[in-house]
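Single-letter residue listing:
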Amino acid sequence: MAWTAHTIIQNGKAIPFEEARIHPLAVGLAYGAAVFEGIRAYMNPATGRLSVFRLEEHLVRLDQGMKFMRFDNPPSRDALRQGVLDSVRANAPDDDCYIRLQVHIESMGNQSTTGMVGWVCAAIPRERSPKRESGLSLGVSSWTRIADNTMPARIKATANYHAGRIATLQSKADGYDAPILLTRDGKVSESAGACLFMVRDGVVITPARDSDILESVTRDTVLALAAELGLPTAERRTDRSELYVADEVFLCGTGQELVPAAMVDRLPVGDGKPGPITMQLQAAYESVVRGTTDAHAQWRTAV
Ligand SMILES: Cc1ncc(COP(=O)(O)O)c(C=O)c1O
């Protein structure tokens, strides 16, 4: 990760990274009226070319978020797609990159302000999880996951991350790597920035979409890859106590990628070592994002 970002795309224009601006009283900041996507572009080791993973799915989810926010004159999908590609090309990274695409209200106003809408796209270096091989220590948080009828987790709003941040800070203070959040009725939801899977008796299980989760692109990828590997999958309500008896637990997300959990609430997951199905899925994920397999070529947009 030797490269650094020098150029950022703001409202469609490439400008020096440190010159991007938004007023401190902008509604995007003052009332958290912003939605975003975290996207990754991966380098193929054989060709040295970067491709963006599942760009269209991220753009669709961002559209859903902008609709939900009732933004006036939101940027078009074509403009945002171009912004993502331009943000990577302009920085000519020699390695993988993380792309943050954010749409926010740039003007001042109040809680009913719906414009003027602005957007920014930044491609930056991002380390992989140091626990990719050894596994995370997760703790169930005493903070509850935001509920659909208060702040829908389905929409990737920056404001949602206030709740995630509280839980993350608490979990670090308690000595864990990351929290697991439960829904208001005590079922497993997800982590603060990643979805959760467990493996029980060979079945790859993840909380259902009505568990106050972000409808994660990576979760969808993992379900597809598991099915292709012949592993049965289930999307269903998940009890906290199942985490203690599961054979394997892992987190997944664009930023996290696919990372095993070694401990939950200081109890070992299985024998406390990353499980075989988790590591099989991690390898399958790695090859599909990087394009070392021809499978799912439509998921990779060449930069
Ligand atoms: C709260 C939350 N859940 C899940 C995910 C995973 O979503 P995706 O796979 O679309 O990146 C993220 C982001 O990475 C997230 O912030």
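As shown above, the structure is provided for reference.
Note that the structure is a prediction, hence the values are computed from the model and not measured.

(A) A look at the site of the ligand. Taken together, 15 residues surround the ligand, and among them Y161, E190, S216, T218 and T254 come closest. Measuring from an oxygen atom of the ligand, one finds a backbone N or O atom of G193 at 3.4 Å. A distance of 2.5 Å is found between an oxygen atom of the ligand and a side-chain nitrogen or oxygen belonging to T218. For the ligand, the protein covers 95% of the area, taking 380 Å² as the surface of the free molecule. Assessed atom by atom at 2 Å from the grid points, the ligand resides in the largest pocket. Partitioning the shell around the ligand into residue classes produces 6 nonpolar, 5 polar and 4 charged.

(B) Region of the structure containing the state of the cysteines. With the rule as written, the count across this model stands at 0 disulfides. Its sulfur unpaired, C121 is 9.4 Å from the next cysteine sulfur, which belongs to C97. C252 supplies the cysteine sulfur nearest to C195, a cysteine that is in no disulfide, at a spacing of 5.5 Å. Overall, C195 belongs to the buried group, its relative accessible area being 3%.

(C) The arrangement of the environment of P130 in detail. Its place among the elements puts P130 in the loop between β6 (117–124) and β7 (136–144). Sequence separation of P130 and A30 is 100 residues, and the distance between their C-alpha atoms is 34 Å.

Scoring rules and cut-offs
- Residues numbered from 1 in each chain as written.
- Predicted model: local features only at pLDDT ≥ 70, side-chain atom pairs only at ≥ 80, totals over all residues.
- Heavy atoms only, no water.
- Near = heavy atom within 4 Å.
- Polar contact = N/O pair within 3.5 Å; in protein donor to acceptor, adjacent residues only side chain to side chain.
- Areas by Shrake-Rupley, 256 points an atom, 1.4 Å probe, with all protein chains shown as cover.
- 1 Å grid on protein atoms, 1.4 Å probe; cavity = no way out; pocket = protein on both sides within 12 Å on 5 of 7 lines; lining within 4 Å.
- Sits in = over half its atoms within 2 Å of the grid points.
- Nonpolar A, V, L, I, M, F, W, Y, C, P; charged D, E, K, R; others polar.
- Disulfide = S-S within 2.5 Å.
- Buried < 20%, exposed > 50% of the residue type's maximum accessible area, 1.4 Å probe, protein only.
- Helix = DSSP H or I, 4+ residues; strand = E, 2+ residues; numbered from the N terminus.

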